[in-house]
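Each chain, written out:
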Amino acid sequence: MTDRRIKVIIAKPGLDGHDRGAKVVARALVEAGMEVVYLGLQQSPESIVRAAVDEDADVIGLSILSGAHMTNFRRVKELMEASGLGDRLLTGGGIIPTRDQEKLRELGIDKVFGPGDDLQGIVDYIRERAGRPSKG
Amino acid sequence: MSVEKPSVSQELWTDFFAGSRLACARLISVVENSPQAIPEVLDRIIPRQKGGIRVGVTGPPGVGKSTVTAALARRAVQAGRKVGVLAVDPTSPFSGGAFLGDRVRMQRLSDDHQVFIRSMASREGHGGLSPATPYAADVLDAFGLDRIFIETVGVGQSELDVMSSADLVVLVLQPGTGDVIQALKAGIIEAADLFLVNKSDLQGTETLLDSLRFLMEIGGGPRRKSLPPVIQASALQDRGLDEAFAEIERLVSGLVASGLFLEKRRARLESEVRAAIGRELWDKYAALTNAGEVIPAVVGRLLERRRSPYPYIREAVSRVRILIDEERGPREEPQ
Ligand SMILES: Nc1nc2c(ncn2[C@@H]2O[C@H](COP(=O)(O)OP(=O)(O)OP(=O)(O)O)[C@@H](O)[C@H]2O)c(=O)[nH]1
Ligand SMILES: [Mg+2]
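Before going into details, it helps to say that this report is about the structure given with it.

Reading the values: rules and limits
Residues numbered from 1 in each chain as written. Chains lettered and ligands numbered in written order. Predicted model: local features only at pLDDT ≥ 70, side-chain atom pairs only at ≥ 80, totals over all residues. Heavy atoms only, no water. Salt bridge = Lys/Arg side-chain N within 4 Å of Asp/Glu carboxyl O. Helix = DSSP H or I, 4+ residues; strand = E, 2+ residues; numbered from the N terminus. Donors = N, O, S within 2.8 Å, 3.2 Å for Na, K, Ca; no water. Buried < 20%, exposed > 50% of the residue type's maximum accessible area, 1.4 Å probe, protein only. Near = heavy atom within 4 Å. Polar contact = N/O pair within 3.5 Å; in protein donor to acceptor, adjacent residues only side chain to side chain. Areas by Shrake-Rupley, 256 points an atom, 1.4 Å probe, with all protein chains shown as cover. Nonpolar A, V, L, I, M, F, W, Y, C, P; charged D, E, K, R; others polar. Patch = residues over 30% accessible without salt bridge, like charges linked within 9 Å, V, L, I, M, F, W, Y side chains within 5 Å. Pairing = 2+ DSSP bridges. Axes fitted to C-alpha atoms, helices over the stretch in contact; angles between N-to-C directions. Contact = heavy atoms within 4.5 Å. Parallel < 35°, antiparallel > 145°, perpendicular 65-115°, else oblique. Left-handed = near helix turned anticlockwise from the far one by under 90°. Phe/Tyr/Trp six-rings, centres within 6.5 Å; stacked < 30°, edge-to-face > 60°.

### Remarks on the pattern of salt bridges
Then, number 1: Tallied over the entire structure, the rule returns 31 salt bridges over all chains.
Then, number 2: For Glu124(B), the salt bridge identified is with Arg5(A), shortest N-O distance 3.1 Å. Of this pair, Glu124(B) sits in the loop between strand E4 (116-121) and helix H6 (133-142) while Arg5(A) sits in the segment before strand E1 (7-13), placing the two residues on different chains.
Then, number 3: The partner of Glu46(A) in a salt bridge is Arg75(A), with the nearest N and O atoms 3.1 Å apart.

This is the structure we're talking about:
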């Protein structure tokens, strides 16, 4: 008898000030029964991963509109590995050109979402990929 | 139930006792997600606890509980305490999901002081906490933290009398919530150890303070020797929080010196032991009988005939002994 609900961190690294998209996604995940920790704006990769550790999050979702996606995803991924969160899902959204998506895949970030993607697709992807055998 | 396999791996215990932050977080997930593992976890951690003080921060939605909690926790760090925060937000009754937003106001606490902060969804909990919150506090205590702040869900006045799992309760209010004051029952005066009037940068602070003073005069009740202190603060302007923190520390010392701290914990533990025995007996009874199916049928008949359920209950209870004797069979009595 375990009652594990998928726990997702939603964060906005960097300096751009729009979090509407991030909040819409957060809302959709909550409606899908997930527990969403919302961190807010202007987060450093360090604070995002520290939060993910304390929260024992299954998923980190980054919302990046500033164009600085490569640096942020790379740094968050590195910190996740270093903190023992290598088995957790890292994904995100923003305006990310196809050639960068390719590079992200090489970093182990399989899928990122753009303005055209529907919310159900995000929910389904997270549901499918968030499972972790080790979780209590 | 199948043969019990430990829910917590030896590796996780080793990491936890070695001070791994992730192991601490994972142990909280265990008590949150696997209630059947709680006895096993408590067996291991209670001997390691050092009696960390639990400070509850409660109050209506949006009054500034998170901002205040962060401000108090920061002062506790500066005073040399090892600090942790548990922040509870409501679970949606429709989806079972939860939007946990308290961390937004606690960012500096995490960035500058590396304080362990854990958000918890209230799930099936009542009174502003989740069922696992007291156990999460136990985990943090065993992890070596000596000031554990617990922010409740923004609760309505009817629920404000909760938090028996805190050693000390700070009730946060804000101007313009006269209706809340109207509805505060005398019990609140006894449940709260400190009233913090936040957002005193806003209009209406004097009115709120006046009604609080009035409420205390009429409703202090005979059981409490002294009325709880009222502190005026603005978490936004960082005013009044040195005073609030100093007051909390003073109250904590008083609680410890007077023995009330232990007395409160004793009462809590006693009811926990009783509840746990009740649960275990029920599980046993349910496993040994087909009570799960019988009770709905019995209740159906009782409803039709408008009869008291007690004849059935008495019969059920009298069967317990027989069942347990039978189950024990030829095995030896435990020592
Ligand atoms: N004017 C003013 N605003 C404040 C003060 N303290 C907090 N706030 C603001 O009040 C809003 C709510 O603050 P929170 O700390 O999130 O309140 P809360 O009680 O934790 O809210 P819930 O957890 O949702 O119930 C935020 O916009 C804060 O910036 C204050 O002293 N003065
Ligand atoms: Mg809050």
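Structure's up, so let's keep going.
### Quick notes on the coordination of the magnesium ion (ligand 2)
Then, number 1: Looking at the magnesium ion (ligand 2), one finds its protein donor set to be Ser66(B) (OG), Asp102(B) (OD) and Glu151(B) (OE), positioned 2.1 to 2.2 Å from the metal centre.
Then, number 2: Looking at Glu151(B), the relative accessible area reads 3%, which means it is buried.

### A word on the site of ligand 1
Residue and element names in this part refer to chain B.
Then, number 1: As a matter of local geometry, ligand 1 sits amid 19 residues, with Lys65, Ser66, Thr67, Asp201 and Ala235 nearest to it.
Then, number 2: Between ligand 1 and the protein, one listed contact pairs an oxygen atom with a side-chain N or O atom of Lys65 at 2.7 Å.
Then, number 3: Between Ser66 and ligand 1, the recorded distance is 2.8 Å, taken from a backbone N or O atom to an oxygen atom.
Then, number 4: Protein contact buries 77% of the 650 Å² of open area that ligand 1 shows by itself.
Then, number 5: Take the shell around ligand 1: its biggest share by element is 3 residues, from helix H4 (residues 65-78).
Then, number 6: Here the shell around ligand 1 is built from residues that sort into 5 nonpolar, 7 polar and 7 charged.

### As for a nonpolar patch on the surface
All names here are of chain B.
Then, number 1: Where nonpolar side chains cluster on the molecular surface, the patch consists of Leu269, Val273, Ile277 and Leu281 and spans about 370 Å² of accessible area.
Then, number 2: Tracing the backbone through its elements, the reader meets Leu281 in helix H11 (residues 260-288).
Then, number 3: Taking relative accessible area as the criterion, Leu281 reaches 46% and is therefore assigned partly exposed.

### Quick word on the sheet that holds E4(B)
Residue and element names in this part refer to chain B.
Then, number 1: Strand order in the open sheet formed by 7 strands is E4-E2-E5-E1-E6-E7-E8, and the pairing between neighbours is parallel. Looking at which strands have only one partner, the edges of the open sheet turn out to be E4 and strand E8 (230-232). If you compare each strand with its neighbour and ignore which way they point, the axes differ by 20 degrees on average.
Then, number 2: Pairing analysis gives 3 bridges linking strand E7 (residues 194-197) to E8, with the strands arranged parallel. Bridging from a neighbouring strand, Phe195 pairs with Val230 of E8.
Then, number 3: The strands that H4 touches are strand E1 (53-58), strand E2 (83-89), strand E5 (147-151), strand E6 (168-173) and E7; relative to E5, the one it contacts most, it runs at about 175 degrees.

### Observations regarding the packing of H4(B) against helix H10 (residues 241-258) of chain B
Residues and elements named next belong to chain B.
Then, number 1: One can describe the packing of H4 onto H10 by two numbers: an axis separation of 10 Å at closest approach and a directional angle of 65 degrees. Considering the angle they form, H4 stands roughly perpendicular to H10. Note on packing geometry: the crossing formed by H4 with H10 is right-handed. Of the residues in H10, those touching H4 at Val68, Ala71, Leu72, Arg75 and Ala76 are Leu241, Asp242, Ala244, Phe245 and Ile248.
Then, number 2: A per-class count over the contact of H4 with H10 returns 8 nonpolar, no polar and 2 charged.

### A word on the pairing of E4(B)
All names here are of chain B.
Then, number 1: The buried fraction of E4 is high, at 6 of 6 residues.
Then, number 2: On E4, burial covers both faces: Phe116, Arg118 and Met120 on one face and Ile117, Ser119 and Ala121 on the other are all buried.
Then, number 3: Bridge analysis of E2 against E4 gives 6 bridges, and the strand direction is parallel. Bridge assignment links Ala87 to a residue of E4, and that residue is Ser119.

### A short note on the packing of aromatic side chains
Then, number 1: Within this structure, the stated rule accounts for 7 aromatic pairs over all chains.
Then, number 2: A centroid spacing of 5.6 Å and a plane angle of 65 degrees characterise the contact between Phe113(A) and Tyr125(A), whose relative ring orientation is edge-to-face. Here the residue Phe113(A) occupies a position in strand E5 (residues 112-113), and Tyr125(A) occupies one in helix H5 (residues 119-129), the gap between them amounting to 12 residues.
Then, number 3: Tyr125(A) gets classed as buried once you look at its relative accessible area, which sits at 9%.
Then, number 4: Taking the centre distance of 5.6 Å and the plane angle of 15 degrees together, the rings of Trp13(B) and Phe17(B) count as stacked.

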